[in-house]
Amino acid sequence: MLALANIREHWRGFVAAFLAIALGAALIGVTLIVYHSARPQVQPRLAGAPVLVIPPQAVNESGTPKDRVPWGEADAATLADRLAGVDGVAGTVVDRSFYAQAFKDGRPVADDMAEDAGHGWSSTRLAPYALTAGTAPTTADEVAVDAALGVAPGERLEVNLATGPRQFRVSGTVDGPGFFFTDAQAAQLDPGVRTIAVLLENPAEAVTVAERARGVVGSAGAVVTGEERAALEPQFVAHKRFLGTQLIAAMAMLALFVTVFVVSATLALATAQRRREIGLLRTIGAHPKQIRAMILGEAAVVGLLGAVVGSLLAVLLAPLMKAVLVRLDVTPPGFAIEVAAWPLLTATAIGTGVAVVGAWAASRMAAKVAPVEALLGAQVEKRPMTRARWVFGLLAAGLGALLAVVTAVTGADDRINTALGAAMTLIVAAALLAPVIIGPAVRALTAPITRRSTSAGPMLVRAELLNATRRAAATAAPIIAAVGFAVLISGMVETMRTAYPAGETKKLAGQVLIEPDGTPGLSDAVVGEIPVGKAALPTRVFLHRPGHGVTVIDALGSRDPRWDKPGEAVLGEGTAKLFGLSAGQTVDVRFVDGKTERVRISQVLPDDPGRGAFVLPRQLVRSHDRAALTDTIFVPQANAPMTVAAGASLHDAESYARADYNTDARLTTSLAMMLIVVAVGYSGLAVANSMAMAAYGRKADFAVMRSAGGTVRQLMTFAVGETVLVAGIGVALGLLVTLPPLAGMAAGLSEVTGADISIQLNGGVVALAIVGSLLTATVASAAVTWRVIRPRTAVTG
Amino acid sequence: MTTTPQAAISAAVQLTTVRKTYGTGERAVTALDGVSIGFAAGTFTAVMGPSGSGKSTLLQCAAGLDQPTSGQIHIAGQDIGAMDEGRRTVLRREHIGFVFQAFNLVASLTAAQNVELPVRFSGKRVDRAQVRAALARMGLAERAGHRPSELSGGQQQRVALARALVTRPDVLFADEPTGALDTATSREVLHLLRRLVDQESQTTIMVTHDPVAASYADVVVFLKDGQIADRILLDRAAPSNPALIAAHLTRLEN
Ligand SMILES: Nc1ncnc2c1ncn2[C@@H]1O[C@H](COP(=O)(O)OP(=O)(O)O)[C@@H](O)[C@H]1O
Ligand SMILES: [Mg+2]
């Protein structure tokens, strides 16, 4: 009863919390809706295969299940035979997917799925795809292709494979995407098997047949049916989803943080303004625990309302987010928004929870209000800082400093997140420790004015702020967050924009680069034409890691004469340590074709991303991963070729660095813009709200000042003066907290790139954040003050 | 004056050498300076004294709203200094009603809801009839559904009284309950207080600076500089009590 009545009465204090939670829940809801909509789908080409058998999974370096370990050709054949004997099975198909791409007129035909477009003819039974013309391929020189490609049976077609372009005769066309070779040819091109499809006599029996199949497969693999078959999605789809998810996850994280921050700041302010009322409740028998429960209950109700509104908002915003993600090209193909119940319910629950968490500090503060405070004439603060405030403030400051240092030394992938984490903790620290700074700052700033001026304004501002530093801190908190995030995020992007191309260009100086052009990678034909320079062939290999089992890592096939020694491998220190290996030992390496080779570790060298963590002879990798493609060839300027083969293009170091960064930058910049909008939008809201609340809280004071002869102009000047001062301190603190993470980032980038990188700020965003915050604060405060004092303006001014 | 421990326990509220100091060092103010006093059950005591003499502090300490710097306070025979804030809250809830000058009501709640509040805090079931009776006793039966902003000052103060009494407390404390009211409304509230003492033996302790208000009491205690300066018993039948009290007060201030 009380909580609800209070919300009705003190709605002003809850507006910002409500809006922040609505926005937060909306963003989290959108994130979850997008996440749900982008979840792996069963590939259309497997639509007609209700039961699939897939190999066991290996774990990655951090122990999370990752790649499946392909069966060797013989193992797959045996398993397929045994499965064929299972009751209710009509047949089995050994399914393969490998790189194949049509070239027309010497140019690659664009295809997102090229890396997984090649299959054996049997795989057409999985969709199933039917012949629209011609026949199935019967010889190694024949291929059946998608009718949409526009090539008629009997015509010749150039198909690029990992080894290079080859002429095929089109034997027939089918009504689905892909290049279908004879099964024997497919096994030749990609011996490893990642899927065996089980075809059924009666499709309705999928579950029972799957159960029987499990008995046959045992630990040699997993049997999946229905939605589980989505586990087999192509690499590029997974990668796009990863990019998109990362983007929105960062936004949801920030939204979560800002929501908690805004809610706790505004509720702390609201509670500080209600001390007398809380004291009254205490005098009439409220237990501190009941006060606490009341504040948390209010937050829960406001949170629930906000979260429900936010979840509904999420449904409206999801298509917008989809448009953004599609434009950034970070969605799986055929991505469509699908609104399910769980994202909305989860967002509602999170929103409500966030409100309660945000009210935690306020509820503790309220529970400590003494009954006598109901009897005190004016609301007074005892001390600017409590012990808890000191402890948490200093802890946050320490953690933030630590994260700023980590930002300097961490890898590129984590740098943005660590810098954001550092900024978040430092913003919390600044907000908590602000009362310490506000006292001296106010004294120093107002001293010259109060000494000279005879008017009441400066004296009042000074006295008010010095007496209520905690309230002033609560008012400044959202400004700290707004300015802090805007400056930090834009600064990060700006710093990276100068750092990366500079560093890359420097590293690549004196080289030319050959990059894929219209293809997912370079074939051996392209590599073979350019005999000098680094042309690493990437693959995935499986090693036994003591205590962790089969572990998958990246390996490179190198043609660098230093490492390219038959039967030998070079390891980076990190990888050697991970597997407990040292130079001179031998190790069994399982390849994607299911075969295992024993190699000798010739050297363990310091980690160097340029060389690779697990380097094998190029020929060894090629013989076991026949579908692998080379990413880039690095050629010394002196050996630069004049032209390159189809599907590749030539770059100098600088244009390569810029192009390479631009693809990254497109994502980073959009991420940054989205984050800035979220952080600043929210905090702006909180700024306006706290200023308005502060002005309302003053109602009684203003009445006293009016009766003491203050004119409207004097009071307005006083209110605006105080706001500008508090907002100014908030801006200064906001700028201050961005320095450590930015400095950390610049230091880290200098280290990595070898170039001298200093902090770069985005002048426009910095100015906008400062002016915007000051303006929002001043306008909100002036407007509300005006409303509060206006009714009695009939008096002579 | 010496009080035996037995006497201390038998009084509704007993203060023993209570001292209260605000602030520290140079800015320390001694608001109560070794006050020992008992308030007998069923009596109406007025506490008077010049502004700043420690009246409010005495009341807040006696009601367990604030902690004395030293000394003991027994309420209903229990030493409240030995309790933590939670247990003190429970004790106050069960034994004490409190009314002060202004800001007595929760603005968001109706008169009836304000009266229910202590019952709700104590976790008991709200007896609507009891709430209605409490309001009716204060002549507010018609106003149960009104918010404080829709009530006059005197009505607000009577709602506060109804709320203070709804739990049937052993002792009612009132700090200048008529301080913000006009003369006629003050009378009403004082009559109500007197009737409670006469008809229901409600132990009442009231701080006031108004001799007329004090004349409704059985005992008047005078405070000066945080010490008890005087204590007079009033003859309820005498018509000249206000003048008598005013004279005492004047003597005290000189
Ligand atoms: N919270 C407080 N902090 C500091 N001094 C106080 C406080 N409350 C009261 N005092 C001081 O204690 C003395 C007694 O105050 P009080 O009990 O309110 O007197 P009265 O009610 O008789 O006017 C006064 O000098 C007053 O200034
Ligand atoms: Mg007083």
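Residues numbered from 1 in each chain as written. Chains lettered and ligands numbered in written order. Predicted model: local features only at pLDDT ≥ 70, side-chain atom pairs only at ≥ 80, totals over all residues. Heavy atoms only, no water.

1. Concerning the overall build of chain A
Short version of the rule: Only DSSP runs of H or I reaching four residues or more are called helices, and only runs of E reaching two or more are called strands; each is numbered from the N terminus. Burial classification: accessible surface area is computed with a 1.4 Å probe over protein chains only, and a residue below 20% of its type maximum counts as buried, one above 50% as exposed, and the rest as partly exposed. Throughout, a contact is declared for two residues whenever any of their heavy atoms are within 4.5 Å. All accessible areas in this document rest on Shrake-Rupley with a 1.4 Å probe, and a residue is counted as covered only by the protein chains that are shown. When charges are counted, neither His nor the chain ends are considered; positive counts come from Lys and Arg and negative counts from Asp and Glu. For this purpose, a charge sits on NZ of Lys, CZ of Arg, CG of Asp or CD of Glu.
The secondary structure content of chain A amounts to 21 helices and 23 strands. Its C-alpha atoms put chain A at 105 × 65 × 50 Å along the principal axes. Within chain A, buried positions represent 53% of all 797 residues. Counting contacts in chain A only where the partners sit at least 6 residues apart, residues at least 24 apart contribute 82% of the total. Accessible area for chain A stands at about 33,300 Å²; split by element, carbon and sulfur atoms hold 61% of it. One finds the centroid of the 68 positive side-chain charges in chain A at a distance of 17 Å from the centroid of its 62 negative side-chain charges.

2. Considerations on the overall build of chain B
Under the convention used in this document: Only C-alpha atoms enter the radius of gyration, while the globule expectation follows 2.2 Å times N to the 0.38, with N the number of residues.
Across its full length, chain B carries nine helices and 10 strands. Expected size for 254 residues packed as a compact globule is a radius of gyration near 18 Å; at 18 Å, chain B falls within 12% of this value. The C-alpha extent of chain B, read off along each of the three principal axes, is 50 × 45 × 40 Å. Residue burial in chain B is summarised as follows: out of 254 residues, 52% are buried.

3. What to know about the interface of chain B and chain A
Our working rule: Once two parts are brought into contact, the accessible area they lose, counted with a 1.4 Å probe and summed over both, makes up the buried area. Any Lys or Arg side-chain nitrogen located within 4 Å of an Asp or Glu carboxyl oxygen qualifies as a salt bridge. In protein, a polar contact requires one atom able to donate a hydrogen and another able to accept it; more generally it is a pair of N or O atoms within 3.5 Å, and residues adjacent in sequence count only if both atoms are side-chain atoms. For this scheme, ten residues count as nonpolar: Ala, Val, Leu, Ile, Met, Phe, Trp, Tyr, Cys and Pro. Four count as charged, namely Asp, Glu, Lys and Arg, and the remainder, Gly too, count as polar.
Each partner contributes to the interface: chain B provides 26 residues, whereas chain A provides 21 residues. Both sides together, the interface formed by chain B and chain A hides about 2,200 Å², and carbon and sulfur atoms give 68% of it. At the surface where chain B touches chain A, the tally comes to one salt bridge. Notably, a salt bridge pairs B:Glu85 with A:Arg282, separated by 2.3 Å at the nearest N-O pair. Taken together, chain B and chain A are joined by five residue pairs in polar contact (both at pLDDT 80 or more). Here the side of chain B that touches chain A is built from residues that sort into 12 nonpolar, six polar and eight charged.

4. Quick look at the side chain of A:Thr283
Tracing the backbone through its elements, the reader meets A:Thr283 in helix H7 (residues 275-283). Taking the relative accessible area as the measure of exposure, A:Thr283 reaches 6% and is therefore buried. A distance of 2.6 Å separates a polar atom in the side chain of A:Thr283 from the backbone oxygen of A:Leu280. Those residues within four positions of A:Thr283 in sequence are excluded, and the remaining contacts are A:Pro371, A:Ala374, B:Leu65 and B:Phe100.

5. A closer look at the sheet that holds strand S15 (residues 511-516) of chain A
Two orientations exist for strands paired in a sheet by backbone hydrogen bonds: parallel and antiparallel. All names here are of chain A. Condition: Here, a strand pair is defined by DSSP locating no fewer than two bridges between the strands. Angles shown run from 0 to 180 degrees and are taken between the N-to-C directions of axes, each axis being a line fitted to C-alpha atoms and, for helices, limited to the stretch in contact.
Read from one edge of the open sheet, three strands run S22-S15-S23, paired in antiparallel fashion. Whereas interior strands pair on both sides, the edge strands pair on one side only; in this sheet they are strand S22 (633-636) and strand S23 (648-652). Each strand axis lies, on average, 25° off the axis of its neighbour in the sheet, ignoring direction. As paired strands, S15 and S22 are joined by four bridges and run antiparallel to one another.

6. Observations regarding the site of ligand 1
Residues and elements named next belong to chain B. Heads up, the rule is: Put simply, a residue is near a molecule or strand once any heavy atom of it comes within 4 Å of that molecule or strand.
Close contacts around ligand 1 come from Tyr22, Val29, Ala31, Pro50, Ser51, Gly52, Ser53, Gly54, Lys55, Ser56 and Thr57, and that covers them all. Between an oxygen atom of ligand 1 and a main-chain N or O atom of glycine 54, the distance comes to 3.1 Å. Within the backbone of lysine 55, a nitrogen or oxygen atom sits 2.9 Å from an oxygen atom of ligand 1. Taking 550 Å² as the accessible area of ligand 1 by itself, protein coverage stands at 61%. For the shell around ligand 1, the secondary-structure elements that each account for two or more residues are strand S2 (29-39) and helix H2 (55-62). Here the element with the most residues in the shell around ligand 1 is H2; it accounts for three residues.

7. Considerations on the packing of aromatic side chains
Rule in force here: Side-chain rings of Phe, Tyr and Trp (the six-membered ring for Trp) are treated as a pair once their centres are within 6.5 Å; stacked means planes under 30 degrees apart, edge-to-face means over 60, and tilted covers the remaining angles. Note on geometry: a ring has a charge over it if NZ (lysine) or CZ (arginine) is within 6 Å of the ring centre and within 35 degrees of the ring normal.
Using the criterion set out here, one finds eight aromatic pairs over all chains in the structure. Taken together, a centroid distance of 5.8 Å and an interplanar angle of 55° make the contact between B:Phe98 and B:Phe100 tilted. There is no split in this pair, since B:Phe98 and B:Phe100 are both buried. Three or more aromatic residues link up through ring pairs in this structure, and these residues are A:Phe98, A:Phe168 and A:Phe181. Against the face of A:Trp360 rests A:Arg292, its NZ or CZ located 4.6 Å from the ring centre.

8. Describing the domain arrangement of chain A
Applied cut-off: Each domain's extent is set by a domain assignment, obtained either automatically or from a database.
Taken as a whole, chain A is organised into domain 1 (1-41 + 239-270 + 286-359), domain 2 (44-238) and domain 3 (513-654). Between the C-alpha centres of domain 1 of chain A and domain 3 of chain A there is a distance of 45 Å.

9. Brief notes about the sheet that holds strand S7 (residues 171-175) of chain B
All names here are of chain B. With respect to topology, six strands assemble into an open sheet ordered S6-S7-S8-S3-S9-S10, the strand pairing being mixed. Two strands lie at the open edges of the sheet, namely strand S6 (96-99) and strand S10 (227-233), each paired on one side alone. Strand-to-strand, the axes of this sheet are offset by a mean angle of 15°, without reference to chain direction. Here helix H3 (residues 85-95) sits on the sheet and contacts S6 and S7; the angle it forms with S6, its principal contact strand, is near 85°.

10. Focus: the confidence of the model for chain A
Condition: Scored between 0 and 100, pLDDT is the confidence that the predictor attaches to each residue.
A residue-level look at chain A finds 95% of positions with pLDDT of 70 or above and a mean pLDDT of 85. Throughout residues 792-797 of chain A the model reports pLDDT below 50, and contacts reaching past four residues in sequence, or to other chains, amount to six contacts.

11. Here we look at helix H2 (residues 11-37) of chain A
The test is simple: The length a helix should cover is 1.5 Å for every residue beyond the first.
The first and last C-alpha atoms of H2(A) sit 37 Å apart over 27 residues, in line with the 39 Å expected at 1.5 Å per residue. Summarising burial for H2(A): 20 of the 27 residues are buried, a large majority.

12. Quick notes on the packing of helix H4 (residues 111-121) of chain B against helix H5 (residues 128-137) of chain B
The relative placement of two packed helices is expressed as an angle between their axes plus a distance between the axes. Residues and elements named next belong to chain B. We apply this condition: Our angle categories are set so that under 35 degrees counts as roughly parallel, over 145 as roughly antiparallel, 65 to 115 as roughly perpendicular, and the remainder as oblique. Definitions for this section: a left-handed crossing has its near helix turned counterclockwise from the far helix by less than a right angle. A right-handed crossing has that turn clockwise.
At a minimum axis distance of 10 Å, the contact between H4 and H5 shows a crossing angle of 115°. Of the possible angle classes, the one that applies to H4 and H5 is roughly perpendicular. Crossing of H4 against H5: the hand is right-handed. Residues Ala112, Val115 and Glu116 of H4 form the contact with H5, whose own contacting residues are Arg128, Val131, Ala134 and Leu135. Of the residues belonging to the contact of H4 with H5, the class tally is five nonpolar, no polar and two charged.

13. Side note on the nonpolar core
Just so we agree on the cut-off: Residue types Ala, Val, Leu, Ile, Met, Phe, Trp, Tyr and Cys, when buried and joined through side-chain atoms within 4.5 Å, form a set referred to as a nonpolar core.
Within the largest apolar cluster, 154 residues are counted, with the highest numbers of intra-cluster contacts made by A:Leu254, A:Leu281, A:Phe485, A:Met492, B:Leu15 and B:Phe173. Per-element tally for this core: the top contributor is helix H14 (residues 469-508) of chain A, with 15 residues. Beyond its immediate chain neighbours, meaning those up to four positions away, B:Phe173 contacts B:Val13, B:Leu59, B:Ala62, B:Ala63, B:Ile96, B:Gly97, B:Phe98, B:Val99 and B:Ile205. Counting 44 residues, the second largest nonpolar core, distinct from the first, contains B:Phe44, B:Ala112, B:Leu135 and B:Val189.

14. So, a nonpolar patch on the surface
All names here are of chain A. Which entries qualify depends on this criterion: Like-charged residues within 9 Å of one another, or nonpolar side chains (Val, Leu, Ile, Met, Phe, Trp, Tyr) within 5 Å, are grouped into patches, provided each residue has over 30% relative accessible area and no salt bridge.
A cluster of nonpolar residues, Trp390, Val391, Phe392, Leu394, Leu395, Val436 and Ile437, forms a patch on the protein surface that exposes about 640 Å² of accessible area. For the nonpolar patch, the secondary structure elements donating two or more residues are helix H11 (387-409) and helix H12 (412-452). Per-element accounting of the nonpolar patch gives the leading share, five residues, to H11. As for its position among the elements, tryptophan 390 is in helix H11.

15. Things to note about the pattern of salt bridges
Residues and elements named next belong to chain B. By the definition in use, this model includes 26 salt bridges over all chains. A salt bridge links aspartate 33 to arginine 19; its shortest N-O distance comes to 3.0 Å. Of the two residues, aspartate 33 is situated in strand S2 and arginine 19 in strand S1 (residues 13-22); the sequence distance between them amounts to 14 residues. For aspartate 33, a relative accessible area of 26% translates into the label partly exposed. Look at arginine 19 and you get partly exposed, because its relative accessible area is 35%.

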